Amino acid sequence: MASYRIALNFEDGVTRFVECHAGEKLLDAAYRSQINLPMDCSDGVCGTCKCRSEAGSYDLGDDYIEDALSEDEAADRLVLTCQMRPTSDGIVSVPTRSSACKTGQQKLSATVAEVIAHSDAAIVLELDVNAAVAPQFLPGQYVNIDVPGSNGATRSYSFTTAPGESRLGFLIKRQPGGLMSNWLARARPGDQLTFTGPMGSFYLRERQRPLLFLAGGTGLAPFLSMLEVLAQGEQGPPVHLVYGVTRDEDLVLVDVLEAYAERVPGFSFTTVVADRASSHPCKGWVTQHMPEDLLAGGAVDIYLCGPPPMVDAVRAWLSQAGITPGSFHYEKFTPNLPLKASA
């Protein structure tokens, strides 16, 4: 029997996946997975189960009333989960917290496979999980990793790998004195970690227009996951990545990007270094190196991930330039600072 994988995105950032059989209503599939989506009547009358379909195809039928779901709402991809029968994989936004649906973050265990240091800039962490429980997530999402021996501290890192793989990758900024950086300095293959997730609303949507990816430092991580998914899919509109860093030493995994340029038709990238003393051919900020042809007319989807000053600068630049992209998705990250000893 055919089935479809539906990602349920809750307003607190938690994502859970359910398998929906062909012809099965999403509400029933969620209940089968012990996720109690909001509902009162289950007959298309009350509208309590109204959600938004962010991606995928479905059949709503006509067995519901206008008061529960208006024609305009249906045209805007609002759905009643008690009537919605998915006909493809999809994503549904649920306008409530996961805890209200008696679900929450999944916790998984993993084994350290490899820790690779890139000078003093970043660390690539690779983890192995049981293939039977390999995490499903949306490319671009992150997990909260428990820092061993820290009395409950966690750190958030985006996947660099594709969903469903048993080898998970993360690109982590090296932070002098940082809890995770200190642990990674002594971590060895075979060490155990736990993490919860997936989390986040920053993920690759359906590819309808050219894509412009803007990465700052280790904000490159989610784009690597997106590129891996694009490499496994069908050819689509062009994709260009502008990868900006502060110093030459911060420019890591360029060889990985070069490999994606071979694997993903229409993918190209530009690397930019802010340090004026650098000999890098492209210096300055990412806003100075965005392709004008992609931005023309706003017929582009922009994804942006980097530290807050970079994200704010790009948003201000787009506003000042009068550019309104087809869609604009961004995520800020703030490095975790080392804990200060109390007096």
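Structure first, text after, so check above.
Not measured: the values here are computed from a predicted model. (Residues numbered from 1 in each chain as written. Predicted model: local features only at pLDDT ≥ 70, side-chain atom pairs only at ≥ 80, totals over all residues. Heavy atoms only, no water.)

A. Structural view of the pairing of strand β7 (residues 90-94). In terms of burial, β7 is largely enclosed, as four of its five residues are buried. Bridge analysis of strand β1 (residues 3-10) against β7 gives five bridges, and the strand direction is parallel. In the sheet register, F10 faces β7, and the bridge partner there is V94. Relative to β7, strand β3 (residues 50-55) runs antiparallel, the two being bridged by three bridges. Opposite A55, over in β7, you have I91 as the bridge partner. (Buried < 20%, exposed > 50% of the residue type's maximum accessible area, 1.4 Å probe, protein only. Helix = DSSP H or I, 4+ residues; strand = E, 2+ residues; numbered from the N terminus. Pairing = 2+ DSSP bridges.)

B. Region of interest: a negative patch on the surface. Negative charge collects at one region of the surface, where D43, D59, D62 and D63 lie side by side. Looking at where D62 falls in the secondary structure, it is placed in the loop between β4 (58-59) and α2 (71-75). Residue class for D62 comes out exposed when judged on its relative accessible area of 70%. (Patch = residues over 30% accessible without salt bridge, like charges linked within 9 Å, V, L, I, M, F, W, Y side chains within 5 Å. Areas by Shrake-Rupley, 256 points an atom, 1.4 Å probe, with all protein chains shown as cover. Salt bridge = Lys/Arg side-chain N within 4 Å of Asp/Glu carboxyl O. Lys, Arg positive; Asp, Glu negative; His and termini not counted. Charge placed at Lys NZ, Arg CZ, Asp CG, Glu CD.)

C. Molecular detail of the packing of helix α4 (residues 221-232) against helix α5 (residues 254-263). Relative to each other, α4 and α5 sit at 25°, their axes nearing to 10 Å. One element, α4, and the other, α5, form an angle in the roughly parallel class. Crossing of α4 against α5: the hand is left-handed. Residues L224, L227, E228 and A231 of α4 form the contact with α5, whose participating residues are V256, L257, Y260 and R263. (Axes fitted to C-alpha atoms, helices over the stretch in contact; angles between N-to-C directions. Parallel < 35°, antiparallel > 145°, perpendicular 65-115°, else oblique. Left-handed = near helix turned anticlockwise from the far one by under 90°. Contact = heavy atoms within 4.5 Å.)

D. The pattern of salt bridges, seen in detail. This structure, assessed with the given rule, holds eleven salt bridges. A salt bridge links R167 to D128; its shortest N-O distance comes to 2.3 Å. Pair noted here: R167 is in strand β12 (residues 167-173) and D128 is in strand β9 (residues 122-128), with a separation of 39 residues, a long-range link. When its relative accessible area of 29% is taken as the criterion, D128 is described as partly exposed.

Honestly, that's just the spatial picture; any functional story needs more than this.
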